[in-house]
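Breakdown of the fold
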Amino acid sequence: MAAKDAVGRYGEDLVVRRLAERGWVVLARNWRCREGEIDIVATEGDALVVVEVKTRRGASMGAPQEAVTVRKLARLRRLAAAWLAAQDRRWPEVRIDVVAVTLPRAGAARLEHLRAVG
Amino acid sequence: MIGRTRSVVLVGLTGHLIEVEAHLAASLPAFTIVGLPDTALGEARDRVRAATSSSGLLWPARRVTVNLTPASLPKSGSVTDLAIAVAALVAADQIPPAAPASAVHLGELGLDGRVRPVRGILPMVAGAVEAGLTRIVVPVGNLAEARLVEGADVLGVASLAELLAMYGSTEAVATASEPVLEAPPPVSHANRVDLSDVQGQADARWALEVAAAGGHHLLMTGPPGTGKTMLAERLPGILPDLPAREAVAATSVHSLAGTLDPSAGLISRPPFEAPHHSASAAAIVGGGARLARPGAISRAHGGVLFLDEAPEFSARVLQTLRQPLESGEIVLHRAHGAVRYPARFQLVLAANPCPCGRFHGNGAGCTCTPLERRRYLSRLSGPLLDRVDLQVAVLPVRLGAAAGGEAESSVEVAARVAAARRRARERLADAGWRMNAEVAGAWLRARTSGPACAPAWRALERGLVSARGADRALRVAWTLADLDGDEAPGAAHVEQALLLRRGDS
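Residues numbered from 1 in each chain as written. Chains lettered and ligands numbered in written order. Predicted model: local features only at pLDDT ≥ 70, side-chain atom pairs only at ≥ 80, totals over all residues.

**Topic: the overall build of chain B**
The cut-off we apply is this: Put simply, DSSP marks the helices as runs of H or I at least four residues long and the strands as runs of E at least two long, and each gets a number from the N terminus on. Here a residue counts as buried when 20 or more other C-beta atoms fall within 10 Å of its C-beta, as exposed when 12 or fewer do, and as partly exposed in between; the C-beta atoms come from the backbone. By the convention adopted here, residues are in contact when the distance between their C-beta atoms, placed from the backbone, does not exceed 7 Å.
The number of helices and strands found in chain B is 23 helices and 18 strands. Taken over the C-alpha atoms alone, chain B extends approximately 90 × 50 × 45 Å along its principal axes. In chain B, buried positions account for 50% of the 505 residues. Counting contacts in chain B only where the partners sit at least 6 residues apart, residues at least 24 apart contribute 74% of the total.

**Notes on the nonpolar core**
All names here are of chain B. Spelled out, the test is: As used here, a nonpolar core is made of buried Ala, Val, Leu, Ile, Met, Phe, Trp, Tyr and Cys residues. They are joined through C-beta atoms within 7 Å. Per the annotation, domain bounds derive from an automatic or database assignment of domains.
Counting residues in each nonpolar core, the largest one holds 84 residues, and the members touching the most others are Ile-297, Leu-349, Leu-390 and Ala-473. For this core, the element with the most residues is helix α22 (residues 467–484), which contributes nine residues. Here this core spans two domains, and each of domain 2 (189–415) and domain 3 (439–505) adds at least three residues to it. For Ile-297, the residues in contact, after removing those within four places along its chain, are Ile-284, Val-285, Leu-305, Leu-321, Pro-324, Ile-330, Ala-343 and Phe-345.

**Concerning helix α1 (residues 3–21) of chain A**
Residue and element names in this part refer to chain A. We count it as follows: One less than the number of residues in a helix, times 1.5 Å, gives the span that helix is expected to have. The arc refers to the directions leading from the helix axis to the C-beta atoms.
In this model, α1 (19 residues) spans 27 Å end to end at C-alpha, consistent with the 27 Å of a helix rising 1.5 Å per residue. Residues Gly-11, Glu-12, Val-15 and Leu-19 constitute the buried set of α1. The arc enclosing the buried residues of α1, seen along the axis, measures out at 100°, which places them on a common side. α1 presents Ala-3, Ala-6, Asp-13, Arg-17, Ala-20 and Glu-21 as exposed residues on the side facing more than 90 degrees away from its buried surface. The inward-facing, buried residues of α1 abut β1 (25–33), β2 (36–44), β3 (47–57), β4 (93–103) and β5 (110–114).

**Description of the interface of chain A and chain B**
Here is the rule we go by: Under the scheme applied here, ten amino acids are nonpolar (Ala, Val, Leu, Ile, Met, Phe, Trp, Tyr, Cys and Pro), four are charged (Asp, Glu, Lys and Arg), and all others, including Gly, are polar.
Of the residues lining the interface, seven residues belong to chain A; the matching set on chain B comes to five residues. Split into classes, the residues belonging to the side of chain A that touches chain B amount to five nonpolar, one polar and one charged.

**Describing the domain arrangement of chain B**
All names here are of chain B. Annotation of chain B at the domain level lists domain 1 (2–166), domain 2 (189–415) and domain 3 (439–505). Put simply, the middle of domain 1 and the middle of domain 2, counted by C-alpha atoms, are 41 Å apart. The partner domain 2 presents 19 residues to the 14 residues of domain 1 that form the contact. Counting residues per element, the ones that place at least two in the side of domain 1 that touches domain 2 are α5 (121–130) and α6 (143–146). For the side of domain 1 that touches domain 2, the element with the highest residue contribution is α5, accounting for three residues. Partitioned by chemical class, the residues of the side of domain 1 that touches domain 2 number eight nonpolar, three polar and three charged.

**Looking at the environment of Gly222(B)**
Residue and element names in this part refer to chain B. Turning to its location among the elements, Gly-222 is positioned in the loop between β10 (218–221) and α9 (228–233). Once the C-alpha coordinates of Gly-222 and Thr-479 are considered, the two residues, 257 residues apart in sequence, prove to be 24 Å apart. The residues touching Gly-222, leaving out its near neighbours within four places in the chain, are Lys-228, Pro-353, His-360, Ala-393, Val-394 and Leu-395.

**Description of the pairing of strand β16 (residues 337–342) of chain B**
Residue and element names in this part refer to chain B. Inclusion rule: Only strands joined by at least two bridges in the DSSP assignment are considered to pair.
In the sheet, strand β15 (residues 329–334) pairs with β16 via six bridges, with the strands oriented antiparallel. Note that in β16 the partner of His-333 across the bridge is Ala-338. Where β15 folds back onto β16 in an antiparallel hairpin, the turn is made up of two residues.

**Focus on the packing of helix α19 (residues 410–428) of chain B against α22(B)**
Residues and elements named next belong to chain B. Counted only if it meets this: Helix axes are fitted only over the stretch in contact, all axes being lines through C-alpha atoms; the angle between N-to-C directions runs from 0 to 180 degrees. Rotating anticlockwise by less than a right angle from the far helix to the near helix defines a left-handed crossing, while the corresponding clockwise rotation defines a right-handed one.
Interhelical geometry of α19 versus α22 gives an angle of 115° and a closest axis separation of 8 Å. Seen from above, α19 lies across α22 with right-handed handedness. Here α19 contributes Arg-416, Ala-420, Arg-423 and Ala-424 to the contact with α22, which in turn contributes Thr-479, Asp-482 and Leu-483. Of the residues belonging to the contact of α19 with α22, the class tally is three nonpolar, one polar and three charged.

**Comments concerning the sheet that holds β4(A)**
Adjacent strands of a sheet pair through backbone hydrogen bonds, lying either parallel or antiparallel. Residues and elements named next belong to chain A. One open sheet holds the five strands; their spatial order is β1-β2-β3-β4-β5, and the pairing between them is mixed. Looking at which strands have only one partner, the edges of the open sheet turn out to be β1 and β5. Across the sheet, the axes of successive neighbouring strands diverge by a mean angle of 30°, strand direction being ignored. Pairing between β2 and β3: five bridges, direction antiparallel. Note on β3: the bridge partner recorded for Ile-40 is Val-51. Contacting β1, β2, β3, β4 and β5, α1 crosses the sheet at an angle of about 140° to β3.

Written out as structure tokens, the structure is:
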């Protein structure tokens, strides 16, 4: 496994733990289809949330959330629709969140949760 | 988080105060500007972002929305760059909000974080002061010009980092240190000429003096090389200084046109504009896409517009002069709105008598046919010549006349002109006119005594002048009386005035 994949995996684990602490229910992780992969699918109360996790070490390449481009956002939307189509349940609210994880060289990881980005 | 500050946008010569608000939202990083920006202003996003990181600060990784209010006012150009950067950095908590909120920020940002000078600073600063905001931050290259506005507390900054440090940022570091200054435009040739340079030409010099004293428009016809251009260039030198309001308007126009030398202060001497006869209508009256920029007639505001070889100008261009000659301003309409520029100028036309230019005296040496000759001057349309009170012939100087004595200097003539103008101003103040050239025909006929009018009516009866021509003779006669120091014109003045209009029929 490449180092960057390990970093991504570590970031996702952090986020899942943080979401669970806040009472979110994680329904799926790393769900794949032909379009690509969803990092986390979870529910917050009535809302179904598709979560994209972006993890970076340090800030030299800019903030992690800058890597989520308009194209990626459009793909996330298609993925969310594909996931919903595969389910029997329906949710009154569906949204896409991005969680930016910055891993400094020393000290605790910094999480920034961006709600309803698209 | 919201950051606020102020800036100014120009519509024509009027500076409108706008509020610049920046909002930061926890969302994917984006930067949008709303509130009717044009392309140059939309590009502010890239300039502001680059200038901020060049100043040693991090651009917020947030959704940044900048709103320029009132949203209905179309905004253009790069002058709001500085205000956008300051508002965004206030919103990002990089600088405290209090000081920027009450200040006006004007200036374009370079990618290296330096603040670059912009055109039109004078009317923008004046607009801000008029709206009650006096703390104004301007590019250091525009500082001299901004200081011309009374009551403005102006601060010149060389870079964004310098401004942010002043607002209390400890992280801001300027990467480029050399401030951007604007090169002053070349000194106009018209400021260095004197009437004593003109040899002979007593009649034409007299006509020039009368034109200056009454504000009359002037047409000079004569063969090439007789000094028509020399004479016209010396008209501003014998005109009085511009009154304060006109000086501010003239300076504002030149600031916007990029032809202002701010180190010389407000433009107090009448400007001189001499567009070439190949000029387009847009170059003369002002033009450009979106909101139009001022043209030659507005740059000549308060001064002299000289059209050399006037019949060579395209008919369309000459026609466009009629509205400003009438109203003293020009309104230019574009899809994005109308702008109004001042354009109160004294028109001086010069023309050769015929296409080859040698038709004078007995006409020997002229190779033009009579038809060509007639067609040539008829290119100056009736409606335009109707507004030209003085029409004189400038003939070749004879050897003896050129050698004779020292010619009068501009200063001596200007003193007589100033005295005549003062007399006219006092007489016309109640009616709201400033010079004889503006006076209506009815006023002239009512105030001029019967015997004095007699020569004009006689000329009218004999078909030598039209009714309008007779009015114009009376108008010039009042100026002649002013120059002579008389209360009102007599028959001799009117006769002289008729002679000064010999081009008329």
